[in-house]
Amino acid sequence: MQIVILENAEAVATHGANVIIQKIKQKPDAVLGLATGSTPLALYRKLIEAKRSGDVSFLRSRSFNLDEYLGLPGDHPQSYRYFMQENLFNHIDIEPGNTHVPPGNAANPLKACEEYDELIETTGGIDLQLLGIGRNGHIGFNEPSSGLTSRTRVKTLTPATIEDNARFFGADEFQPHLSITMGIGTIMDSRKIILLATGDSKADAIRATVEGPLSASCPASALQMHKKAVLIIDEAAAAHLEHKEFYKHIERENQKLLQSLKQ
Ligand code: F6R
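Cut-offs applied
Residues numbered from 1 in each chain as written. Predicted model: local features only at pLDDT ≥ 70, side-chain atom pairs only at ≥ 80, totals over all residues. Heavy atoms only, no water. Pairing = 2+ DSSP bridges. Helix = DSSP H or I, 4+ residues; strand = E, 2+ residues; numbered from the N terminus. Contact = heavy atoms within 4.5 Å. Axes fitted to C-alpha atoms, helices over the stretch in contact; angles between N-to-C directions. Core = buried A, V, L, I, M, F, W, Y, C linked by side-chain atoms within 4.5 Å. Buried < 20%, exposed > 50% of the residue type's maximum accessible area, 1.4 Å probe, protein only. Salt bridge = Lys/Arg side-chain N within 4 Å of Asp/Glu carboxyl O. Near = heavy atom within 4 Å. Polar contact = N/O pair within 3.5 Å; in protein donor to acceptor, adjacent residues only side chain to side chain. Nonpolar A, V, L, I, M, F, W, Y, C, P; charged D, E, K, R; others polar. Parallel < 35°, antiparallel > 145°, perpendicular 65-115°, else oblique. Left-handed = near helix turned anticlockwise from the far one by under 90°.

(A) Seen up close, the sheet that holds strand E6 (residues 128–131). Taken in spatial order, the 7 strands line up as E1-E10-E9-E6-E2-E3-E5 in an open sheet, and their pairing is parallel. Two strands close off the open sheet at either side, each with one partner strand: strand E1 (2–6) and strand E5 (99–100). When strand E9 (residues 192–197) meets strand E10 (residues 229–234), the two strands line up parallel, connected through 5 bridges. Bridge pairing in E10 links isoleucine 193 to alanine 229. Each of E1, strand E2 (31–34), E6, E9 and E10 is contacted by helix H1 (residues 9–26), which is oriented at about 150° to E10, the strand it contacts most.

Dropping the structure here:
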């Protein structure tokens, strides 16, 4: 696992956006795995800016989102499909038909989960998966105790996640307690993964991800087994890492090596 520790949330967004932009430049029809939540918002704004300035085009790219609330149609303002339209898709040139979000209103959610995994596979697999992380170490809606090889499926949200996300719902509004989420195995099949985390509320989850045991009690710890997983985190999210200075040292050495190879 590569750990990139940056000064603040702004630097995390810039770094993450650059990884995605470089991928699209190198492979214009890349398949992106995308996330919702607060963390990627600044990154999405940077992708929109890059598209507007002509630096990058998403015309041939494809995307698969991690998760969706079960019971919400895509035009519901709290649905993750709606979130993606509002915060990214409506502002870049990606073909609408090339964007995929699990169908929250599927007549048969179990079948829809299988079909989602099949579609990812027939599209060629995910080249670059973007992740956030929950305070409890969840990735997608894979809550603690999720199988580390799980596939896309219906998952029940923990009370902690429901509480974290309650801020997006009105007091009397229906807030789903079920979701469709890519499984940890589905996520792990991605060729490269970047996980973004900012703020001190994520510091314990980041410590468990990097320095804890590989365990279903911290689903993100599965990334320890991925060949190309990069954590892009700010100082606040890195604060509880026991070996923080060593990770920074490794990164400096990596950068030096890359520079010397370019010369
Ligand atoms: C969202 C998702 C979740 C979030 C996580 C962090 O699609 O998969 O795992 O990444 O809950 O959310 P924020 O960024 O709001 O702290």
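Now that the structure is up, let's keep going.
(B) Up close: the nonpolar core. Counting 33 residues, the largest nonpolar core has Leu131, Met182, Leu195, Ile206, Leu223, Ile233 and Leu241 as the members making the most contacts within it. When residues of this core are traced back to their parent elements, those giving at least two are E1, helix H4 (109–122), helix H6 (184–188), E9, helix H7 (203–211), E10 and helix H8 (235–238). If sequence neighbours within four positions are ignored, leucine 223 has contacts with Met1, Leu131, Met188, Ile193, Leu195, Ala229 and Leu231. Ranked by size, the runner-up nonpolar core spans 31 residues in total, among them Ala13, Ile24, Leu196 and Val230.

(C) Expanded view of the pattern of salt bridges. Taken as a whole and judged by the stated rule, the model has 13 salt bridges. Residue lysine 46 pairs with glutamate 10 through a salt bridge whose shortest N-O separation is 2.8 Å. Of this pair, lysine 46 sits in helix H2 (residues 41–52) while glutamate 10 sits in helix H1, and the two are 36 residues apart along the sequence. Note that lysine 25 and aspartate 55 form a salt bridge whose closest N and O atoms lie 2.8 Å from each other.

(D) Focus on the site of the ligand. Taken together, 15 residues sit near the ligand, with Thr39, Asp67, His138, Gly140 and Lys202 positioned nearest. Threonine 39 has a polar side-chain atom sitting 2.5 Å from an oxygen atom of the ligand. In this structure, lysine 202 approaches the ligand through a side-chain N or O atom, which is 2.6 Å from an oxygen atom. Here the residues of the shell around the ligand sort into 4 nonpolar, 8 polar and 3 charged.

(E) The packing of H1 against H2, seen in detail. Where H1 meets H2, the closest approach of the two axes is 8 Å, and the angle between their N-to-C directions is 50°. Relative to H2, H1 is oriented oblique. The crossing of H1 and H2 is right-handed. Listed contacts from H2 to Glu10, Ala13, Thr14, Gly16, Ala17, Ile20 and Ile21 of H1 are Ala42, Leu43, Lys46, Leu47 and Ala50.

(F) Quick look at unusual backbone geometry. The backbone of serine 145 sits at a positive phi, close to 90°, despite the residue not being glycine. When you line up the elements, serine 145 lands in the loop between E6 and strand E7 (153–156). Accessibility expressed as a relative area gives 60% for serine 145, which makes it exposed.

(G) How the structure looks around the sheet that holds strand E8 (residues 178–181). Across the sheet, 3 strands lie side by side as E4-E8-E7; this open sheet has antiparallel pairing. Looking at the sheet topology across the chains shown, the edges are occupied by strand E4 (67–69) and E7. Pairwise comparison of adjacent strand axes, ignoring direction, gives a mean angle of 30° for this sheet. Where E7 lies against E8, 4 bridges are found, and the strand directions are antiparallel. Directly across from arginine 153, in E8, lies its bridge partner threonine 181.

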